[in-house]
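Spelled out from the first residue to the last, the chains are:
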Amino acid sequence: MKNNNAPVGVFDSGVGGLTVAREIMRQIPNERIVYFGDTARVPYGSKSKETVTRYSRQIVRFLQTQEVKAIVVACNTASAYALEEIKTEVDIPMIGVVRPGAVVAAQTTSNGKIGVIGTEGTIGSRIYSHYIKEINPEAEVIGKACPLFVPLVEEGLWQDPVTDEIAKRYLTELIDIGIDTLILGCTHYPLIRSTVGRVMGDRVTLVNPAYETARELKEMLGQRGMLNEEAAQLGDNRYRFYVSDAAEKFKSFANSIIKYGILSAKIINIEEY
Ligand code: DGL
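Residues numbered from 1 in each chain as written. Predicted model: local features only at pLDDT ≥ 70, side-chain atom pairs only at ≥ 80, totals over all residues. Heavy atoms only, no water.

Taking burial as the measure, the five residues of strand β2 (residues 33–37) include five buried ones, the bulk of the element. Residues I33, Y35 and G37 line one face of β2 and the alternating positions V34 and F36 line the opposite face, and both faces are buried. Bridge count for strand β1 (residues 8–12) against β2 is five bridges, and the pairing is parallel. Residue pairing for β2: D12 is matched across the bridge by G37. Note that the unit made of β1, helix α1 (residues 18–27) and β2 has a crossover that is right-handed. Alignment of β2 against strand β9 (residues 239–243), held across five bridges, turns out to be parallel. For F36, the partnering residue across the bridge sits in β9 and is Y242. (Buried < 20%, exposed > 50% of the residue type's maximum accessible area, 1.4 Å probe, protein only. Helix = DSSP H or I, 4+ residues; strand = E, 2+ residues; numbered from the N terminus. Pairing = 2+ DSSP bridges. Right-handed = clockwise from strand over helix to strand, strands pointing away.)

Below, the structure written as structure tokens:
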């Protein structure tokens, strides 16, 4: 039986996917969320496709024990490597963050030059280019891995000269190529959006896949008649957080970006799934 009051499962390699959870909370506040952050095995961005797929499959199994009605792969690397394979194995809808961002970028560009920044895994997979070219075959998609952005964000250096300097080094080649659209293709990058925007300048439109994914989730749940209409019954249990390690660190990062206090984050042994 369809249970619209069931939560949406959201997962990521760690804390970064909270930028996606935050957008879901903003755009569809009636939805319950069960979030899993794989804090024991982060980062995914430098791991192989096989490993990321195995990890993602375990997380999907865990989320299914929580009786989620849909799953959002909030991690760009897991969306790039694992989503297509795993979504054929489950009987609930599953979406990732890559396609929604790619679609909007393809529609946004005027000169057909689109930049994508992300982890080594996401950029190496050329997945954004794949989805963009489905819509705009003429588009030129230029990927740039920016591995230092994740630790800078996790260190809290969102507005810092060090981050400015690294951003300039990474982004200069995209400026020189003349891109007019840039996809923030990693969970952490929306948190340094203003730095990236400043370096790229006013003529470049930034696309935030976290925002576009929440929009796509809302649309998808609506089309399938799966939106939760029972807001009054949400209660305290509305958002539940699970991690594979370091719950306190997760909680303090989460509380710095999400305004609905994170009451607790529970550690589970993900290898059991
Ligand atoms: N969540 C990852 C992503 O969006 C970034 C962090 C990691 O490498 O695990 O690709």
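Attention now moves to unusual backbone geometry. Cis peptide bonds are those with omega within 30 degrees of zero, and the linkage from V42 to P43 qualifies with 5 degrees. Structurally, the position occupied by P43 is in the loop between β2 and α2 (49–65). Residues other than glycine seldom take positive phi values, yet E67 does so here, at roughly 55 degrees. Looking at the secondary structure, you find E67 in the loop between α2 and β3 (70–73). Taking relative accessible area as the criterion, E67 reaches 62% and is therefore assigned exposed. Positive phi, normally seen in glycine, also occurs at R126, with a value near 55 degrees.

Let us now look at the packing of helix α9 (residues 161–177) against helix α10 (residues 193–200). Two numbers describe how α9 lies on α10: the axes approach to 9 Å, and their chain directions differ by 50 degrees. By the angle between their axes, α9 is oblique relative to α10. Crossing hand, α9 versus α10: right-handed. Where α9 abuts α10, its residues T163, D164, A167, K168, L171, L174 and I175 lie against T195, V196, R198, V199 and M200. Tallied by class, residues from the contact of α9 with α10 come to seven nonpolar, two polar and three charged. (Axes fitted to C-alpha atoms, helices over the stretch in contact; angles between N-to-C directions. Parallel < 35°, antiparallel > 145°, perpendicular 65-115°, else oblique. Left-handed = near helix turned anticlockwise from the far one by under 90°. Contact = heavy atoms within 4.5 Å. Nonpolar A, V, L, I, M, F, W, Y, C, P; charged D, E, K, R; others polar.)

Moving on: the environment of I95. Note on placement: I95 falls in strand β4 (residues 94–96). Distance from I95 to I71, taken between C-alpha atoms, is 6.4 Å for residues 24 residues apart in sequence. With residues near it in sequence (within four places) discarded, I95 still touches I71, V72, V73, L83, T213, E216, L217 and M220.

Surveying the vicinity of the ligand reveals 13 residues, the closest of which are D12, S13, Y44, G45 and T77. Within the side chain of S13, a nitrogen or oxygen atom sits 2.6 Å from an oxygen atom of the ligand. Interatomic distance of 2.7 Å between a backbone N/O atom of Y44 and an oxygen atom of the ligand. For the ligand, whose unbound accessible area comes to 300 Å², protein coverage reaches 98%. (Near = heavy atom within 4 Å. Polar contact = N/O pair within 3.5 Å; in protein donor to acceptor, adjacent residues only side chain to side chain. Areas by Shrake-Rupley, 256 points an atom, 1.4 Å probe, with all protein chains shown as cover.)

Secondary-structure assignment places T187 in the loop between β7 (181–184) and α10. There is a polar contact of 3.0 Å between the side chain of T187 and the side chain of H188. Residue contacts for T187: discarding those within four places in its chain leaves D12, G16, G17, T19, A74, C75 and N76.

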